[in-house]
Amino acid sequence: MSERLIQVLTGSPDDGAAWADLARAAARISPDALRDDDLQLSLFLLYGLHYGPAEWVRGEWEWHPELLSGRAALEERFEGDLRAQVPVPDEQQGAAGIPDLLFRMTGVQSGPSLSRHLAKKATREQAVESLIQRSIYTLKEADPHSWAIPRLSGRAKVALVEIQSDEYGAGRPARMHQSIFARAMDAAGLDSRYGAYVDVVPALTLASLNLMSLLGLHRRLRGAIVGHLAAYEMTSSIPCRKYADGFRRLGFAEEVVDYFEEHVEADAVHEQIAGRDLAGGLAEDDPETIPDIVFGAAACLHVDGLVGEHMLAAWERGESSLRTPA
Amino acid sequence: MTGAASGVPVTITPCPNGPLLVRGDFRLDDGSEPHRRTVALCRCGVSTIKPYCDGTHKLVGFRTEDEG
C-alpha cells in the first residue's frame, strides 16, 4: 500500500481512487496498526502533505478526496487500536483535578528507562540511533500541537501559544527547537533533511508522530492533543538532563548537548503551563474534552513507552533498533 | 530580580508543588540574560540549573501544602 501511495503521489491525481480501495483493505487486515510498517508509513506520507516541504509533497494532493478517504480508513483503524490498547486511569476527574491527575500519570516510571541507558551505558552507535529515532518528530518539533491553536479559546489558547512561542524561538530563529535539533544532527554527522530516515525507523517511531498528527488534525480530538502535549512536556526535563549527560559522556559536539540542555530548562516551564493553564484551562472551559485529555496523555505515554522498550530490547539483544542500520 | 522601567509588568505565579513562573520585563541581578520570556524559578532547592527549575522537585516529593 505505501509503495503504491508513493507511485500515486509522484504520478497523476487520477490514481487516487484505486489507492483508497487498497487503504480500506489494508486497514481491515492489519494485525496491529501501531506496529504495521506499511500502514504507519502511509499515514506519515499523507500527514506530510499537510506539513511539507518534502520531495513527495505537492499541493494538489493535500485535499484530494480519494486520498482523504483512504486516510480516514487508516485513521479509524489506528485510533481504534489506540483506544483498545492504551491503558487509561479509571478514576473519574472533574476539571479541577486534571492538572494533578496528569502530573500523577506522568510521575510513574514503569520499566527500564531509555534516558538512564543513554546517560550511563549507551554506545556511540546507540546514541546516534536515538537521534535518528527522535528526528522523525523533532525536525517538526511543536508543529503537530500547533494545529490545535485555532480550536481552543481563552486561557487554554493563550497557554498553548505561550508554549509554542518558546518552542519556535520567541522571535529568535536560531533558538527554534526544530533548528537546534537540525544543528545537532548536522554536528553528529547525520542528514537533517525531513524524512531522510523514514525508511530505516520502525513502525512504532512513525506511530509516535502519526499519533500527534491524528490528534492535531481533528477538532474532535482537541482534548487529546492537549493531553498529549501536557504528558510530553511533563516527561521531558528530567530525561533530557540524562540525555545531555550521555551525549557529553560520549564526546558528542556541543550542538547535540545544547539541544537536550535547552529542553531541561524549557520543558520545566512548559510542563507547568501545559498541565495547569492549557489542560486545566480546557477542562474547565470545555468539560466534555476531559476524557480525551486523559486519553491523549495516556496515548503519549503508551506509544512513546513502546518506542523506548523496542529500542532497549533491540540493544539488549546486541541488535540495531532500526529496521536497517543507517 | 527587579522589574524594568518600561514594558510588561512582572507577574509571579506560584505553581503548587513546583516552581515560581515569572513573566514580564524582569531581569536577574546576577547579570545573566534570561533565556526565555517566561522562566520557572526553583523553590525546592535541588535544581541542577538554579536559579531555574529543572523538574527535579518531582523526584524529591517537594510539597507546597499551604497553597493547596
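Scroll up for the structure.
All of the points below concern the structure found in this document. (Residues numbered from 1 in each chain as written. Chains lettered and ligands numbered in written order. Predicted model: local features only at pLDDT ≥ 70, side-chain atom pairs only at ≥ 80, totals over all residues. Heavy atoms only, no water.)

**A look at the interface of chain B and chain A**
Accessible area lost on assembly of the parts is the figure often given for the size of an interface. Across the contact, 22 residues belong to chain B and 21 residues belong to chain A. Approximately 1700 Å² of surface area, both sides summed, lies buried where chain B meets chain A, with 49% of it carried by carbon and sulfur atoms. Contact with chain A buries surface across chain B, with R36, R37 and K58 of chain B losing the most and accounting together for 34% of the total. Counting the contacts that link chain B with chain A gives five salt bridges. A salt bridge links E271 of chain A to K58 of chain B; the nearest nitrogen and oxygen atoms lie 2.5 Å apart. Applying the counting rule to chain B against chain A returns 13 residue pairs in polar contact (both at pLDDT 80 or more). A per-class count over the side of chain B that touches chain A returns ten nonpolar, seven polar and five charged. (Contact = heavy atoms within 4.5 Å. Buried area = accessible area lost by both parts, 1.4 Å probe. Salt bridge = Lys/Arg side-chain N within 4 Å of Asp/Glu carboxyl O. Polar contact = N/O pair within 3.5 Å; in protein donor to acceptor, adjacent residues only side chain to side chain. Nonpolar A, V, L, I, M, F, W, Y, C, P; charged D, E, K, R; others polar.)

**Quick notes on the nonpolar core**
All names here are of chain A. Counting residues in each nonpolar core, the largest one holds 117 residues, and the members touching the most others are F247 and L278. Element by element, the count of residues in this core is highest for helix α15 (residues 290-316), at 14 residues. Both domain 1 (2-85) and domain 2 (95-316) contribute no fewer than three residues apiece to this core. Here F247 is in contact with L118, A127, S130, L131, F252, V256, V257 and F260, once residues within four sequence places are set aside. (Core = buried A, V, L, I, M, F, W, Y, C linked by side-chain atoms within 4.5 Å. Buried < 20%, exposed > 50% of the residue type's maximum accessible area, 1.4 Å probe, protein only. Helix = DSSP H or I, 4+ residues; strand = E, 2+ residues; numbered from the N terminus. Domains from an automatic or database assignment.)

**Notes on the packing of helix α7 (residues 124-138) of chain A against helix α11 (residues 203-216) of chain A**
All names here are of chain A. In contact at an axis separation of 9 Å, α7 and α11 are set at 20° when each is read in the N-to-C sense. When the axes of α7 and α11 are compared, the pair comes out roughly parallel. Two packed elements cross with a definite hand, and for α7 against α11 that hand is right-handed. Residues Q133, I136 and Y137 of α7 form the contact with α11, whose participating residues are T205, L206, L209 and M212. (Axes fitted to C-alpha atoms, helices over the stretch in contact; angles between N-to-C directions. Parallel < 35°, antiparallel > 145°, perpendicular 65-115°, else oblique. Left-handed = near helix turned anticlockwise from the far one by under 90°.)

**Topic: the pairing of strand β2 (residues 11-14) of chain B**
Residues and elements named next belong to chain B. Two elements, β2 and strand β3 (residues 20-23), share four bridges in a ladder whose sense is antiparallel. Bridge pairing in β3 links T13 to L21. The antiparallel hairpin formed by β2 and β3 contains five residues in its connecting segment, where N17 sits at a positive phi of about 60°. (Pairing = 2+ DSSP bridges.)

**Some details on the sheet that holds β2 of chain B**
Taken in spatial order, the three strands of this open sheet run β2-β3-β5 (chain B), and their pairing is antiparallel. The strands lining the two open edges of the sheet, one partner per strand, are β2 and β5 (39-41) of chain B. Sheet twist, expressed as the mean angle between neighbouring strand axes with direction ignored, is 30°. The pairing of β3 of chain B with β5 of chain B spans three bridges and is antiparallel. Bridged to L20 of chain B within β5 of chain B is L41 of chain B. Its contacts with the sheet place helix α14 (residues 254-285) of chain A against β3 and β5 of chain B, and it is angled at close to 95° to β3 of chain B.

**Notes on a nonpolar patch on the surface**
A cluster of nonpolar side chains, contributed by V46, L59 and V60 of chain B, occupies part of the molecular surface with about 260 Å² of accessible area. Mapped onto the fold, V60 of chain B is located in the segment after β5. (Patch = residues over 30% accessible without salt bridge, like charges linked within 9 Å, V, L, I, M, F, W, Y side chains within 5 Å. Areas by Shrake-Rupley, 256 points an atom, 1.4 Å probe, with all protein chains shown as cover.)

**As for the pattern of salt bridges**
Under the counting rule described, the total for this entry stands at 27 salt bridges over all chains. A salt bridge links R175 of chain A to E262 of chain A, with the shortest nitrogen-to-oxygen separation between them at 3.3 Å. On the criterion of sequence distance, the pair formed by R175 of chain A in the loop between α9 (154-167) and α10 (177-187) and E262 of chain A in helix α14 is long-range, its members being 87 residues apart. We classify E262 of chain A as buried; its relative accessible area is 10%. The salt bridge partner of R241 of chain A is E261 of chain A, with a shortest N-O separation of 3.8 Å. With a gap of 20 residues between them, R241 of chain A in helix α13 (residues 237-249) and E261 of chain A in helix α14 connect regions that are remote in the sequence. On the basis of relative accessibility, which here comes to 19%, the residue R241 of chain A falls in the buried class. When salt bridges with common partners are traced through the structure, they connect D166, R175, D258, E262 and E265 of chain A together with R36 of chain B into a single cluster.

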